[in-house]
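# An overview of the molecular structure
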Amino acid sequence: DVKVTQSSRYLVKRTGEKVFLECVQDMDHENMFWYRQDPGLGLRLIYFSYDVKMKEKGDIPEGYSVSREKKERFSLILESASTNQTSMYLCASGPLNTEAFFGQGTRLTVV
Amino acid sequence: AQSVAQPEDQVNVAEGNPLTVKCTYSVSGNPYLFWYVQYPNRGLQFLLKYITGDNLVKGSYGFEAEFNKSQTSFHLKKPSALVSDSALYFCAVRDMTPDKLIFGTGTRLQVFP
């Protein structure tokens, strides 16, 4: 089975902290994605990547950055966490002509 | 720009009854359409996709979806709902430039015993 693993299920961080969300996939997918999920807003794309060291901004990149040093790992970075970044974060990978595979999500609370 | 709309925040249905979760799309060119399901505190799981071919697409867990080009719709259906189908359902469309998935706002399905 394809696995997309996010390093944490739940995180609580303080305002101003630098936060790292890690995502690893084991199927050698080139495409990886970070989404944010909020009630009533659905999933919004933050950043995505088609290859190592390559990144593209999604719809809501402000306040976030990403890193893809290895093909299997795609990290989302909150440079200085703020309360409006409290959300569920979902990582996905996969060829989009078939399906995307999602991790279990990280519920981040910024206090 | 490509987009999908899910007009219903919640759908309620009695167990054993047929269910429909609605999705409409707006794309330039031929659409790649998807349905995903999310159970509580979990990531999204793929249900089915339409790329080309038959307008009725069959997927996982007994779900199917009907692609209607004239109405630009891709509604999710199941002939007989189960309580265990209660979850959050997302419709999505593939945007080719650049290549990514765009999701709707989601519809919560509640199946009552």
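Residues numbered from 1 in each chain as written. Chains lettered and ligands numbered in written order. Predicted model: local features only at pLDDT ≥ 70, side-chain atom pairs only at ≥ 80, totals over all residues. Heavy atoms only, no water.

## Some words on the overall build of chain B
Looking only at helices and strands, chain B features 0 helices and 12 strands. Helices and strands appear in chain B in the N-to-C order β-β-β-β-β-β-β-β-β-β-β-β. Considering only C-alpha atoms, chain B reaches an extent of 45 × 30 × 20 Å along its principal axes. In chain B, 10 side chains carry a positive charge and 9 a negative one; their mean positions are 3 Å apart. (Helix = DSSP H or I, 4+ residues; strand = E, 2+ residues; numbered from the N terminus. Lys, Arg positive; Asp, Glu negative; His and termini not counted. Charge placed at Lys NZ, Arg CZ, Asp CG, Glu CD.)

## Some words on the interface of chain B and chain A
Residue-level contacts link 21 residues of chain B with 23 residues of chain A. In this assembly, chain B packs against chain A so that about 1,800 Å² is buried in total across both faces, 57% of it on carbon and sulfur atoms. Viewed at the interface, chain A and chain B are joined by 0 salt bridges. The tally of links from chain B across to chain A stands at 5 residue pairs in polar contact (both at pLDDT 80 or more). Among the elements of the structure, β5 (33-38), β6 (44-50), β10 (87-95) and β11 (100-103) of chain B are those that each provide at least two residues to the side of chain B that touches chain A. Residue classes in the side of chain B that touches chain A are distributed as 11 nonpolar, 5 polar and 5 charged. (Contact = heavy atoms within 4.5 Å. Buried area = accessible area lost by both parts, 1.4 Å probe. Salt bridge = Lys/Arg side-chain N within 4 Å of Asp/Glu carboxyl O. Polar contact = N/O pair within 3.5 Å; in protein donor to acceptor, adjacent residues only side chain to side chain. Nonpolar A, V, L, I, M, F, W, Y, C, P; charged D, E, K, R; others polar.)

## Overview of the pattern of salt bridges
The full count for this structure, using the stated rule, is 11 salt bridges over all chains. Across the pair D85(B) and K78(B) runs a salt bridge whose closest N-O atoms are separated by 2.8 Å. Both residues of the pair, D85(B) and K78(B), count as buried. One salt-bridge network, held together by shared partners, links R36(A), D38(A) and R44(A). (Buried < 20%, exposed > 50% of the residue type's maximum accessible area, 1.4 Å probe, protein only.)

## Some points on the environment of L11(A)
Residues and elements named next belong to chain A. Looking at the secondary structure, you find L11 in strand β2 (residues 10-13). Residues L11 and G63, spaced 52 residues apart in sequence, show a C-alpha to C-alpha distance of 18 Å. With sequence-adjacent residues up to four places away left out, L11 is seen in contact with V19, L21, T106, R107, L108 and T109.

## Quick word on the packing of aromatic side chains
The geometry of two aromatic rings is summed up by the distance between their centres and the angle between their planes. Overall, the coordinates contain 16 aromatic pairs over all chains when judged by the stated rule. Ring centres 5.5 Å apart and planes at 50 degrees place the aromatic pair F63(B) and Y89(B) in the tilted group. In this pair, F63(B) is assigned in the loop between β7 (56-58) and β8 (64-68) and Y89(B) in strand β10, connecting sequence segments 26 residues apart. Of the two residues, F63(B) and Y89(B), both sit in the buried class. Counting every residue linked through ring pairs, the aromatic cluster contains F33(A), Y35(A), F48(A), Y50(A), F102(A), F34(B), Y36(B), F46(B), F90(B) and F103(B). (Phe/Tyr/Trp six-rings, centres within 6.5 Å; stacked < 30°, edge-to-face > 60°.)

## Re the state of the cysteines
Residue and element names in this part refer to chain A. Taken as a whole, this structure holds 2 disulfides over all chains when the rule is applied. What pairs with C23 in a disulfide is C91, and their sulfur atoms sit 1.9 Å apart. Across the S-S bond of C23 and C91 the torsion is about -75 degrees, and the bridge reads as left-handed. Taken together, the residues span a long stretch of sequence, with C23 in strand β4 (residues 23-25) and C91 in strand β10 (residues 87-93) at a distance of 68 residues. The same class applies to C23 and to C91, which are both buried. (Disulfide = S-S within 2.5 Å.)

## Quick word on the pairing of β11(B)
All names here are of chain B. The two faces of β11 match: K100 and I102 on one face and L101 and F103 on the other face are all buried. Pairing analysis gives 4 bridges linking β10 to β11, with the strands arranged antiparallel. Looking across to β11, one finds that V93 is bridged to I102. Between the end of β10 and the start of β11, which pair antiparallel, lie 4 residues. (Pairing = 2+ DSSP bridges.)

## Examining the nonpolar core
Residue and element names in this part refer to chain B. Ranked by internal contacts, the top residues of the largest apolar core, which has 27 residues, are L33, W35, L47, L48, F74, L76 and Y89. The set of elements that each furnish at least two residues to this core consists of β2 (10-14), β3 (19-21), β5, β6, β8, β9 (73-78), β10 and β12 (107-112). At 4 residues, β10 tops the list of elements feeding residues into this core. Not counting residues up to four positions away in its chain, the partners in contact with L47 are W35, Y36, V37, G59, S60, Y61, F63, L76 and Y89. (Core = buried A, V, L, I, M, F, W, Y, C linked by side-chain atoms within 4.5 Å.)

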